[in-house]
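Structural features, examined
Listed below are the residues making up each chain.
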Amino acid sequence: MRRSRPITWEEVKVGVLLIVALAALATGIFLIGDTGNVFGDRYQLVTLMRSAAGLVPGAAVQVAGQPVGQVSRIAFIDPEGRPATGEGVAVWLAVNREVRDQIRTDSRARIRTQGLLGDRIIDIEPGSPEAAILQPGDTLIAAEVLGYAELLNEASDAVVSLTQLVRSVEELTRDLLSGEGTLGQLIVNRTLYDQLVELGDELSQFLSSVNTGEGALGRMIKDEELYDRLLGTVTSLDSVTARLARGEGTFGRLLASDSLYESLADMASRSDSLVAGLRAGEGSIGQLLVDEGLYEELLRMVVELNNILADLRADPEKYVPPIKVF
Amino acid sequence: MPASDLSPLHLLNRALKSAAYRVQKYFDLLGRVLVSSVSRPFYGRDLTQQMDTIGVGSLGIVALTGLFTGMVLALQSAVEMRQFGATIYIGRLVGASAVRELGPVLTALMVTGRAGSGMAAQLGAMRITEQIDALETLGVDPVRKLVAPRFLAALIMLPMLTVVTDVIAVIGGLLIAVVKLDLTATLYMRSVYQALADTGFIFRFIPIDLVQGLLKPLVFGGIMALTSCYYGMNARGGTEGVGRAATHAVVTSSILILTTDYLLTQLLIALLVE
Amino acid sequence: MTIPAVIELRDVRLAYGAHVVLNGITFSVHRSETLCVLGGSGVGKSTILKLILCLEQMDSGSVTVLGHNLCSAGRSEIFKIRQRMGMVFQGSALFDSLPIFDNVAFALFEHTGLPLETIRERVREALAFVDLDFERVGEMLPSELSGGMKKRVAIARAIVHQPEILLFDEPTSGLDPITTRKIDTLIVKLRQELGVSSIVVTHDTQSACRIANRVALLQAGDIIFMGTPQQMLAADDPYIREFLE
Ligand SMILES: Nc1ncnc2c1ncn2[C@@H]1O[C@H](COP(=O)(O)OP(=O)(O)O)[C@@H](O)[C@H]1O
Ligand SMILES: [Mg+2]
């Protein structure tokens, strides 16, 4: 109990420990805060969404994949005040002021999942230079994302249309088999078959003569050059397919985007009504099904074809055009 | 003793009464400590002395605990995470478990074993050699002079020691991550900070994980000091009683710390995270 | 009685469970009087001293010290009364983490704002009173002292703040005859020079006869004799005679 002693060794040790620990703590708070982006000067933006999709306050906000802030609040929109587009939740974003000129009126906010654990984050697409910069408190437009549930909904519509289509086709086939209309005759009547058999015989004779290398066609088959050219064609086809798969070009985008699917669904329902029209004998194809005259025409055509083939056998040079694959 | 005294109901009644009496005495001690902590006279030199004993004295053991905890956490999780190619998450795992849970609990348990038993034994010895009676006789409240400084010292030093444990545990994990798992130090540390930032912040910049990681040792420190002093102050029966006091202090403190940890985690999650 | 009692016990009872230690004790001590409490070991002599210091709680009865009723006194009042008393414990009870100087000066540091020099002087005096050299033992720890020296340091600690009441719990047990005699003289000196009232617990009848104004003999929870040493020596009660042998 020496009261005269100014500072004891114990006090020094305790003091050093306290200072070191508090310094470590302060450093920790700073580094963690820096990682969590809490020190930047921030401003608020609001985005309205149909569904927050599991987003929670504190979730990261990124601009073009770079962390710039956090979701500060999520709240329901009052049903009366809901916009016509049907958004039900408002999400407030606290965003670092430094990136303000990146977020413009044409920027889009989008919910994405990130990481192994599927954390939900908000990613903002940077705006274009022509668009105005969003002010604090402004509403940032959310990109429409087709949710799984909506996807299922539309798919079931498509299935209904498809079922109807299948049913119509079924009826059509039944009619055909009972020999109604040109196509029906085609299937039921033997005459055409016999003619076709004859045609087959002629063809095989023709081919065997081609095989022996006679005439232009014969050369075409024996010659190596044609093979090489074909190979080249296949290779370029290959690369076209690859580009398609990558979604390049018009056709590629067609494969990648939803619109094709939608058109397909659309088409399914339209084909449905088409088939119904066919059955009713509307339009030229409808007539084809119903009118017997065409059958006769077709029969005549086959006979003609037969003659032409016979002619071809006699003088192949007359028919084969100069070789050109595409 | 009459036969009725040995009937089970009678014994149960007596056991319950004595347990209730001890709980009451425990909280009575807490009340007196709290009053002594905020009123004069205040024994500052005893406080620094206890801070030295509890804090500086426990540094070595706490550092070792932290180092090996961090290293083991990194090693163990590496085995699992390699299967998913997720070794970059090791920093997250080490950081979160050390700061939230293992740092506070292991520090408290180690300090209980080291300083708590010492407190109980010292106060117990003072009790049976009548030094505590002598203090009272000299007009000094032993709770104020002996218990309050230990209580306050533990309250201050346990969070500080936990900071040390946490830092060293993270460094231990770093060693393993860099040397055995070929992660870069930057990636590992970033993952540690990320884990602690992800739980969120209160008052805009104080990480919730740090708040709960420091509130816990504060409570554990209080429990450890109070329990140890309680057993010390109430030691009976010679040197054997002193040994018993030390044993009881460590066992009871540890159990209380572990149960409180559960309740506190529940409470803090409800208050801070949700 | 003309002289007011400084300590008064009235019908004090205390039992540990079924074991009755004090079964209705009544006595008083007057100013500048030395009362010796005699009795075999375990009869409750130390317990009486602890009751007077309010270190134990009695079951019933009342203890009045310096005009304050301890039963109704609050904690702070009790601490105030204790500052006017000094106690020498059976085992000395020196604070073994503090050097002798701090042990003796304890009460002065705690309760007086005296400058360090004055405190040194007072401690030197108190140690000189019990024949100890301040310069030699001042910086030593209690563990470095012999049992007799510890007892004397304990006495120095009890008298340094000049209390009005001194309580001694077997101050001479286990000491050599020379030290015993020294301590006995000391107790008498304290009464004569400083006017201190004291209770001395002992089981040494010779020592009691040397220092006491009055003697109380305790047996099985009761005071079976109360009177001057001369009366005790002259008594013909068989138990007293047996005790005196
Ligand atoms: N805390 C306690 N619990 C139970 N019994 C006690 C306690 N303290 C003292 N006693 C009993 O009280 C009696 C009186 O003790 P004490 O006053 O120390 O005896 P002495 O006369 O030898 O000083 C003893 O028989 C002892 O067993
Ligand atoms: Mg005794």
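All of these numbers come straight from a predicted model, not from anything done at the bench. (Residues numbered from 1 in each chain as written. Chains lettered and ligands numbered in written order. Predicted model: local features only at pLDDT ≥ 70, side-chain atom pairs only at ≥ 80, totals over all residues. Heavy atoms only, no water.)

1. Examining the packing of helix 6 (residues 147-159) of chain C against helix 7 (residues 177-194) of chain C
All names here are of chain C. Packing of helix 6 against helix 7 brings their axes to within 12 Å, and their N-to-C directions diverge by 10 degrees. When the axis of helix 6 is compared with that of helix 7, the two are roughly parallel. In this structure, helix 6 contributes R152, I155 and I159 to the contact, and helix 7 contributes T179, K182, I183, L186 and L190. A breakdown of the residues in the contact of helix 6 with helix 7 according to their chemical character gives 5 nonpolar, 1 polar and 2 charged. (Axes fitted to C-alpha atoms, helices over the stretch in contact; angles between N-to-C directions. Helix = DSSP H or I, 4+ residues; strand = E, 2+ residues; numbered from the N terminus. Parallel < 35°, antiparallel > 145°, perpendicular 65-115°, else oblique. Contact = heavy atoms within 4.5 Å. Nonpolar A, V, L, I, M, F, W, Y, C, P; charged D, E, K, R; others polar.)

2. Notes on helix 7 of chain C
Residues and elements named next belong to chain C. With 18 residues, helix 7 extends 25 Å from end C-alpha to end C-alpha; this agrees with the ideal 26 Å at 1.5 Å per step. Taken together, the buried positions of helix 7 are T179, T180, I183, D184, L186, I187, V188, L190 and R191. As for helix 7, its buried residues are in contact with strand 3 (34-38), helix 4 (116-129), helix 6, strand 7 (165-169), strand 8 (197-202) and helix 8 (205-211). Of the residues flanking the end of helix 7, it is G195, one or two places downstream, whose phi is positive at about 70 degrees. (Expected span 1.5 Å × (residues − 1). Buried < 20%, exposed > 50% of the residue type's maximum accessible area, 1.4 Å probe, protein only.)

3. Looking at a nonpolar patch on the surface
All names here are of chain A. The grouping of I7, W9, V12, V16 and V20 at the surface amounts to a nonpolar patch, some 520 Å² of accessible area in total. As for its placement among the helices and strands, V16 is situated in helix 1 (residues 9-35). Relative accessible area serves as the criterion here: at 47%, V16 is assigned to the partly exposed category. (Patch = residues over 30% accessible without salt bridge, like charges linked within 9 Å, V, L, I, M, F, W, Y side chains within 5 Å. Areas by Shrake-Rupley, 256 points an atom, 1.4 Å probe, with all protein chains shown as cover. Salt bridge = Lys/Arg side-chain N within 4 Å of Asp/Glu carboxyl O.)

4. Some remarks on the confidence of the model for chain A
Here chain A averages 78 in pLDDT, and 78% of its residues register 70 or above. Put simply, helix 7 (residues 249-256) of chain A is where chain A has its lowest mean pLDDT, 64, and helix 1 of chain A is where it has its highest, 91. (pLDDT = per-residue confidence, 0-100.)

5. Digging into the pairing of strand 3 (residues 66-76) of chain A
All names here are of chain A. Sheet analysis places strand 2 (residues 60-63) next to strand 3, joined by 4 bridges and oriented antiparallel. Each residue of the ladder has a partner; that of A60, found in strand 3, is Q70. What sits between strand 2 and strand 3 in their antiparallel hairpin is a turn of 2 residues, with A64 showing a positive phi close to 50 degrees. Here strand 3 runs beside strand 4 (residues 89-96); their pairing, made up of 7 bridges, is antiparallel. By the bridge assignment, V71 is partnered in strand 4 with L93. (Pairing = 2+ DSSP bridges.)

6. Here's the deal with the coordination of the magnesium ion (ligand 2)
Six octahedral donors around a metal ideally make angles of 90 or 180 degrees; four tetrahedral donors ideally make 109.5 degrees. Distances from the magnesium ion (ligand 2) to its protein donors, S46 of chain C (OG) and Q90 of chain C (OE1), fall at 2.0 to 2.6 Å. Taken together, the residues S46 of chain C in helix 1 (residues 45-52) and Q90 of chain C in the loop between strand 6 (85-88) and helix 3 (100-111) connect sequence positions 44 residues apart. (Donors = N, O, S within 2.8 Å, 3.2 Å for Na, K, Ca; no water.)

7. Focus on the interface of chain B and chain A
A common way to state how big an interface is: give the accessible area lost once the parts meet. Taken together, the contact pairs 28 residues of chain B with 25 residues of chain A. Together, the buried faces of chain B and chain A total about 2500 Å²; carbon and sulfur atoms form 75% of this surface. If you sort the residues of chain B by the area they bury against chain A, R45, M160 and Y193 of chain B come out on top, with a joint share of 22%. Between the two partners, chain B and chain A, sit 1 salt bridge. (Buried area = accessible area lost by both parts, 1.4 Å probe.)

8. Some points on the site of ligand 1
Within the structure, ligand 1 sits among R236 of chain B together with Y16, H19, V21, S41, G42, V43, G44, K45, S46 and T47 of chain C. Chain contributions to the surroundings of ligand 1 come from chains B and C. The contact in question runs from an oxygen atom of ligand 1 to an N or O atom on the side chain of H19 of chain C, over 3.3 Å. Taking K45 of chain C, its main chain carries an N or O atom lying 2.8 Å from an oxygen atom of ligand 1. A total of 560 Å² of accessible area belongs to ligand 1 in isolation, and the protein chains cover 65% of it. Residue assignment for the shell around ligand 1 shows that the elements contributing at least two residues are strand 2 (19-30) and helix 1 of chain C. (Near = heavy atom within 4 Å. Polar contact = N/O pair within 3.5 Å; in protein donor to acceptor, adjacent residues only side chain to side chain.)

9. A look at the interface of chain B and chain C
Contacts between chain B and chain C engage 16 residues on the former and 22 residues on the latter. Summing both sides of the interface, chain B and chain C together bury roughly 1700 Å²; the carbon and sulfur share of this comes to 58%. Our count for the contact surface shared by chain B and chain C stands at 3 salt bridges. Note that K50 of chain C is salt-bridged to E130 of chain B, the shortest N-O span being 3.1 Å. Where chain B touches chain C, the interface holds 7 residue pairs in polar contact (both at pLDDT 80 or more). When residues in the side of chain B that touches chain C are grouped by element, the largest group, 6 residues, is from helix 4 (residues 131-137) of chain B.

10. Digging into the packing of helix 1 of chain A against helix 6 (residues 185-198) of chain B
Put simply, helix 1 of chain A and helix 6 of chain B touch, their axes get as near as 8 Å, and they point 85 degrees apart. As the angle between them shows, helix 1 of chain A and helix 6 of chain B are arranged roughly perpendicular. Note on element contacts: helix 6 of chain B touches helix 1 of chain A through R190, Y193, Q194, L196 and A197 of chain B, opposite L31, I32 and T35 of chain A. The residue makeup of the contact of helix 1 of chain A with helix 6 of chain B, split by class, is 5 nonpolar, 2 polar and 1 charged.

11. Things to note about the packing of aromatic side chains
Aromatic ring pairs: the centre-centre distance and the angle between the two ring planes describe each pair. Considering all chains together, one arrives at 6 aromatic pairs over all chains under this definition. Centroid distance Y26 of chain B to F27 of chain B: 5.7 Å. Interplanar angle 80 degrees. Geometry classified as edge-to-face. Residue Y26 of chain B is classed as buried on the basis of its relative accessible area, which comes to 15%. Residues F101 of chain C and F134 of chain C carry aromatic rings whose centres are separated by 5.7 Å and whose planes lie at 80 degrees to one another, so their mutual orientation is edge-to-face. Placement of F101 of chain C in helix 3 and of F134 of chain C in helix 5 (residues 134-137) is noted, with a sequence separation of 33 residues between them. Three or more aromatic residues joined by ring pairs make a cluster, and in this case those are Y26, F27, Y230 and Y231 of chain B. Lying over the aromatic face of W92 of chain A, R73 of chain A brings its terminal NZ or CZ to 4.0 Å of the ring centre. (Phe/Tyr/Trp six-rings, centres within 6.5 Å; stacked < 30°, edge-to-face > 60°. Lys NZ or Arg CZ within 6 Å of the ring centre and 35° of its normal.)

12. Structural notes on the sheet that holds strand 8 of chain C
Residue and element names in this part refer to chain C. With mixed pairing, 6 strands are arranged side by side in an open sheet as 6-7-8-3-9-10. Only two strands of the sheet have a single partner each, and these edge strands are strand 6 and strand 10 (222-227). Within this sheet the neighbouring strands show an average axis-to-axis angle of 15 degrees, counted without direction. Relative to strand 8, strand 7 runs parallel, the two sharing 5 bridges.

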